[in-house]
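Examining the three-dimensional arrangement
Here is how the chains run, residue by residue.
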Amino acid sequence: EAGVAQSPRYKIIEKRQSVAFWCNPISGHATLYWYQQILGQGPKLLIQFQNNGVVDDSQLPKDRFSAERLKGVDSTLKIQPAKLEDSAVYLCASRKQGDEQFFGPGTRLTVL
Amino acid sequence: GEDVEQSLFLSVREGDSSVINCTYTDSSSTYLYWYKQEPGAGLQLLTYIFSNMDMKQDQRLTVLLNKKDKHLSLRIADTQTGDSAIYFCAETPKVGRDDKIIFGKGTRLHILP
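Notes on the structure follow. (Residues numbered from 1 in each chain as written. Chains lettered and ligands numbered in written order. Predicted model: local features only at pLDDT ≥ 70, side-chain atom pairs only at ≥ 80, totals over all residues. Heavy atoms only, no water.)

Let's talk about the overall build of chain A
- The helix and strand inventory of chain A stands at 0 helices and 11 strands.
- Overall, chain A shows an N-to-C arrangement of helices and strands of β-β-β-β-β-β-β-β-β-β-β.
- Projected onto its principal axes, the C-alpha positions of chain A cover 40 × 25 × 25 Å.
- In chain A, buried positions account for 44% of the 112 residues.
- Here the analysis covers contacts within chain A between residues at least 6 apart in sequence; of these, 52% occur between residues at least 24 apart.
- Accessible surface, chain A: about 5700 Å² in total, of which carbon and sulfur atoms supply 49%.
- Averaging the coordinates of the 14 positive side-chain charges in chain A and doing the same for the 11 negative ones gives two points 4 Å apart. (Helix = DSSP H or I, 4+ residues; strand = E, 2+ residues; numbered from the N terminus. Buried < 20%, exposed > 50% of the residue type's maximum accessible area, 1.4 Å probe, protein only. Contact = heavy atoms within 4.5 Å. Areas by Shrake-Rupley, 256 points an atom, 1.4 Å probe, with all protein chains shown as cover. Lys, Arg positive; Asp, Glu negative; His and termini not counted. Charge placed at Lys NZ, Arg CZ, Asp CG, Glu CD.)

Re a nonpolar patch on the surface
- On the surface, a cluster of nonpolar side chains totalling about 320 Å² of accessible area is made up of Tyr31, Tyr48, Phe50 and Met53 of chain B.
- For Tyr48 of chain B, a relative accessible area of 38% corresponds to the partly exposed category. (Patch = residues over 30% accessible without salt bridge, like charges linked within 9 Å, V, L, I, M, F, W, Y side chains within 5 Å. Salt bridge = Lys/Arg side-chain N within 4 Å of Asp/Glu carboxyl O.)

With respect to the interface of chain A and chain B
- In this assembly, 20 residues from chain A lie in contact with 14 residues from chain B.
- Carbon and sulfur atoms supply 49% of the area that chain A and chain B bury against each other, a total of about 1300 Å² over both sides.
- Together, Pro43, Gln101 and Phe103 of chain A form the three largest contributors to the area buried by chain A at its contact with chain B, with a combined 30%.
- Counting the contacts that link chain A with chain B gives 0 salt bridges.
- Viewed at the interface, chain B and chain A are joined by 2 residue pairs in polar contact (both at pLDDT 80 or more).
- Of all elements in the fold, only strand 4 (31-37), strand 5 (44-50), strand 6 (53-56) and strand 9 (88-95) of chain A reach the threshold of two or more residues within the side of chain A that touches chain B.
- For the side of chain A that touches chain B, the element with the most residues is strand 4 of chain A, which contributes 4 residues.
- Residue classes in the side of chain A that touches chain B are distributed as 8 nonpolar, 8 polar and 4 charged. (Buried area = accessible area lost by both parts, 1.4 Å probe. Polar contact = N/O pair within 3.5 Å; in protein donor to acceptor, adjacent residues only side chain to side chain. Nonpolar A, V, L, I, M, F, W, Y, C, P; charged D, E, K, R; others polar.)

What about the sheet that holds strand 8 (residues 75-79) of chain A?
All names here are of chain A.
- Taking strand neighbours across the sheet as the criterion, the 4 strands line up as 1-3-8-7 in an open arrangement whose pairing is antiparallel. The sheet terminates laterally at strand 1 (5-7) and strand 7 (65-68), the two strands that pair on one side only. Across the sheet, the mean angle from the axis of one strand to that of its neighbour is 15°, orientation sign disregarded.
- With 3 bridges connecting them, strand 1 and strand 3 (residues 19-24) associate as antiparallel partners. Residue pairing for strand 3: Ser7 is matched across the bridge by Trp22. (Pairing = 2+ DSSP bridges. Axes fitted to C-alpha atoms, helices over the stretch in contact; angles between N-to-C directions.)

A few points about the state of the cysteines
Residues and elements named next belong to chain B.
- Counted under the stated rule, the structure contains 2 disulfides over all chains.
- Here Cys22 is linked by a disulfide to Cys89, with a sulfur-sulfur distance of 2.0 Å. Because the sign of the S-S torsion sets the handedness, a value of about -65° for the bond joining Cys22 and Cys89 places this disulfide among the left-handed ones. Of this pair, Cys22 sits in strand 3 (residues 18-24) while Cys89 is found in strand 9 (residues 85-92), placing the two residues 67 residues apart along the sequence.
- Judged by its relative accessible area of 1%, Cys22 falls in the buried class.
- For Cys89, a relative accessible area of 1% corresponds to the buried category. (Disulfide = S-S within 2.5 Å.)

A look at the sheet that holds strand 8 (residues 71-76) of chain B
All names here are of chain B.
- Reading across from one edge, 1-3-8-7-6 is the order of the 5 strands in this open sheet, with antiparallel pairing throughout. For this open sheet the edge positions go to strand 1 (4-6) and strand 6 (55-58), each flanked by a neighbour on one side alone. When strand polarity is set aside, the average angle formed by the axes of neighbouring strands in this sheet is 15°.
- Alignment of strand 6 against strand 7 (residues 61-66), held across 4 bridges, turns out to be antiparallel. Across the sheet, Asp58 pairs through a bridge with Leu61, a residue of strand 7.

Examining the packing of aromatic side chains
- Tallying each qualifying case throughout the model produces 14 aromatic pairs over all chains.
- Their ring planes at 85° and their centres at 5.9 Å tell us that Tyr35 of chain A and Phe103 of chain B sit as a pair that is edge-to-face. In this pair, Tyr35 of chain A sits in strand 4 while Phe103 of chain B sits in strand 10 (residues 102-103), so the two residues belong to two different chains. No difference in accessibility class separates Tyr35 of chain A from Phe103 of chain B, as the two residues are buried.
- Counting every residue linked through ring pairs, the aromatic cluster contains Tyr33, Tyr35 and Phe103 of chain A together with Tyr31, Tyr33, Tyr35, Tyr48, Phe50, Phe88 and Phe103 of chain B.
- Directly above the ring of Tyr48 of chain B sits Lys56 of chain B, whose terminal nitrogen or CZ lies 3.9 Å from the centroid. (Phe/Tyr/Trp six-rings, centres within 6.5 Å; stacked < 30°, edge-to-face > 60°. Lys NZ or Arg CZ within 6 Å of the ring centre and 35° of its normal.)

Written as structure tokens, this is what we have:
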């Protein structure tokens, strides 16, 4: 079974630029999560989807971050405009009912 | 409130046992987890324990839960070089959604030859 796929793996941008990350969850997983992991810290949940609906986006900085999962499968996370403090690894995870969360390898973002 | 604390570093000689400790604040936590993160990789669930259990053993891994003190530990027997990674303690608070996971900052395990 293929795991959670994310792209790109690495991205370097300048502050005030825009960036987008893509996640393809494990087939059949209705729940999808985006986490932000700043260096030296544990992952922090940004947003959770159940199919194509948002379950929890309370920690998402909505003035600059947005995410969508239009068809209930793939998801994109966008930052516009990026700030220096957005430098982090962005992890995507997916889960089916009653099972554990499976994590992708992450996208490492560096904002200069 | 929801908070998970763990020490940041641990060095252990190859072949010895590693013990990684964690404290949490939410007494209503349902599940407590240990995740492993190797360089450049995502998080891998190592093991978990339900809050009504005291101990769980899985091959070289032993999890101990002291619910009274809100203390969780992970013991890795016969530590190998492949165990070198960051280990995250995490909890699922009972209040709110049952699949929300709160992570600690991680303990970096370094294996000495």
